[in-house]
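Listed here are the chains, written in short residue letters.
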Amino acid sequence: METAPRQNEIQIQNKAQEWKSELDHHIHQELLPFWISRAEDTVNGGFITHFDSSGKDTGEDEKSLISQARSVFSFSMAARYGVQPARTLAMARQGVRFLIDKMWDQAHGGFYWTVRRDGTPVITRKILYGLSFAIYGLSEYYRASGDEEALSYAERVFDLIHLHAVDVEYGGYFEMFETDWTLSGPGAAGGDRKTLDAHMHLMEAYTNLLRCTGKDVHRRRLKEVIGILDRHMFRQDTGTGLPQFTRDWTVAPQIKFDIVWGWDRFSESGEKSNPLDNTSYGHNVEFAWLLLDALDALDDDLHRYDPRFDTAMTTP
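All values derive from a computational prediction rather than experimental measurement. (Residues numbered from 1 in each chain as written. Predicted model: local features only at pLDDT ≥ 70, side-chain atom pairs only at ≥ 80, totals over all residues. Heavy atoms only, no water.)

Undergrad: Any chance you could explain the pattern of salt bridges here in plain terms?
TA: Where charged atoms from two side chains of opposite charge come close, those side chains can pair. Under the criterion given, the structure shown has 22 salt bridges. Across the pair D101 and R97 runs a salt bridge, and its minimum N-O distance is 3.0 Å. Taken as a pair, D101 and R97 lie in helix 3 (residues 85-103) at a separation of 4 residues, close to a single helical turn. A salt bridge links E224 to R221, with the nearest nitrogen and oxygen atoms 2.8 Å apart. Taken as a pair, E224 and R221 lie in helix 7 (residues 216-232) at a separation of 3 residues, close to a single helical turn. Connected through salt bridges with shared partners, the residues D167, E169, K194 and R247 form a single ionic network. (Salt bridge = Lys/Arg side-chain N within 4 Å of Asp/Glu carboxyl O. Helix = DSSP H or I, 4+ residues; strand = E, 2+ residues; numbered from the N terminus.)

Undergrad: For this particular structure, what's the right way to read the packing of aromatic side chains?
TA: Summed over all chains, the structure comprises 13 aromatic pairs. Relative to Y136, the ring of F73 lies with its centre 4.1 Å away and its plane at 15°, an arrangement referred to as stacked. With F73 in helix 2 (residues 65-80) and Y136 in helix 4 (residues 128-145), this pair connects stretches of sequence that are 63 residues apart. Given the relative accessible area of 12%, F73 is considered buried. Ring geometry for W104 against F111: centres 4.9 Å apart, planes inclined by 80°, an arrangement best described as edge-to-face. (Phe/Tyr/Trp six-rings, centres within 6.5 Å; stacked < 30°, edge-to-face > 60°. Buried < 20%, exposed > 50% of the residue type's maximum accessible area, 1.4 Å probe, protein only.)

Undergrad: Help me understand the packing of helix 7 against helix 8 (residues 281-297) in this model?
TA: The relative placement of two packed helices is expressed as an angle between their axes plus a distance between the axes. Interhelical geometry of helix 7 versus helix 8 gives an angle of 150° and a closest axis separation of 11 Å. Comparing their axes, helix 8 and helix 7 come out roughly antiparallel. Classified by chirality, the crossing of helix 8 by helix 7 is left-handed. Touching R219, L222, I226 and L229 of helix 7 are F287, L291, A294 and A297, all from helix 8. When the residues that make up the contact of helix 7 with helix 8 are grouped by side-chain class, the tally is 7 nonpolar, no polar and 1 charged. (Axes fitted to C-alpha atoms, helices over the stretch in contact; angles between N-to-C directions. Parallel < 35°, antiparallel > 145°, perpendicular 65-115°, else oblique. Left-handed = near helix turned anticlockwise from the far one by under 90°. Contact = heavy atoms within 4.5 Å. Nonpolar A, V, L, I, M, F, W, Y, C, P; charged D, E, K, R; others polar.)

Undergrad: So what exactly am I meant to see when it comes to the layout of surface pockets here?
TA: Over the atoms, a rolled probe matching the size of one water molecule traces out where space is still vacant. Taken as a whole, the largest pocket spans an internal volume of roughly 990 Å³. Taken together, 30 residues make up the lining of the largest pocket; nearest its centre are I27, F73, S74, M77 and A78. The set of elements that each furnish at least two residues to the lining of the largest pocket consists of helix 1 (4-36), helix 2, helix 4, helix 6 (196-213) and helix 8. When residues of the lining of the largest pocket are assigned to their parent elements, the largest contribution, 9 residues, is made by helix 2. (1 Å grid on protein atoms, 1.4 Å probe; cavity = no way out; pocket = protein on both sides within 12 Å on 5 of 7 lines; lining within 4 Å. Points joined across faces, edges and corners; volume = space filled by probe spheres on them.)

Written out as structure tokens, the structure reads:
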């Protein structure tokens, strides 16, 4: 006769298998086929990312660094996992060419934030959040293809970030820059803020880059950003993340930047009076996943941060 704990374990395993089957079906039969059949811009290169409810191109003219780099990542990973590998790898390849040929700033280095559909620059500022996904996507394409040029651009972005964006006084990274890497102004321009979002995805990018290169400098920087997130960006009493900080790591009211993403997490007023009363459930879960992946890439103890996760899971 099965014991109650054993019965619970079997139920959990069965439920997990059910969810996995549902997820596999959605990814392979619904989600990826939709984008594989539509996303490639066969006229200009890169990816079209705006479609209406019937799957028709809306004609949106903007291409963002986030959408282009994430698409490169998605199709590269699909190829690595054997999903129409010839097709998805070719889609990723032409996406990399669009990034390098159209979105790379030849004068100052780094990728533009947005361009028009044909690659004409629109917002030429350098935004850490977008640059992290450039590293992520290019390194994933290298993992799928072995393309050294793609990896070289991922490393160039890494080097530019550490030339221009590191806060040598308080640690961490500045996030918002003008075209020539001059730090943007305060307030809505974002030059005086540091965010959990950007640092968390920088950890994600460095994880993938380390897997490609194995270089000590990438290993050290990955460990550093993990330490920054752990020391400064999560509450010790609840284990939950806080969104925005001033340069010296004082928790700051969350404000809307001129360059913005993920604004659905904010209230209509755009700011909470108590900055400590503010966290994102999705970010907390995402951080746990990305941290475990980073520790795996570092060949580090996967249980090192269990107390933090336990605190977050038991906080009412």
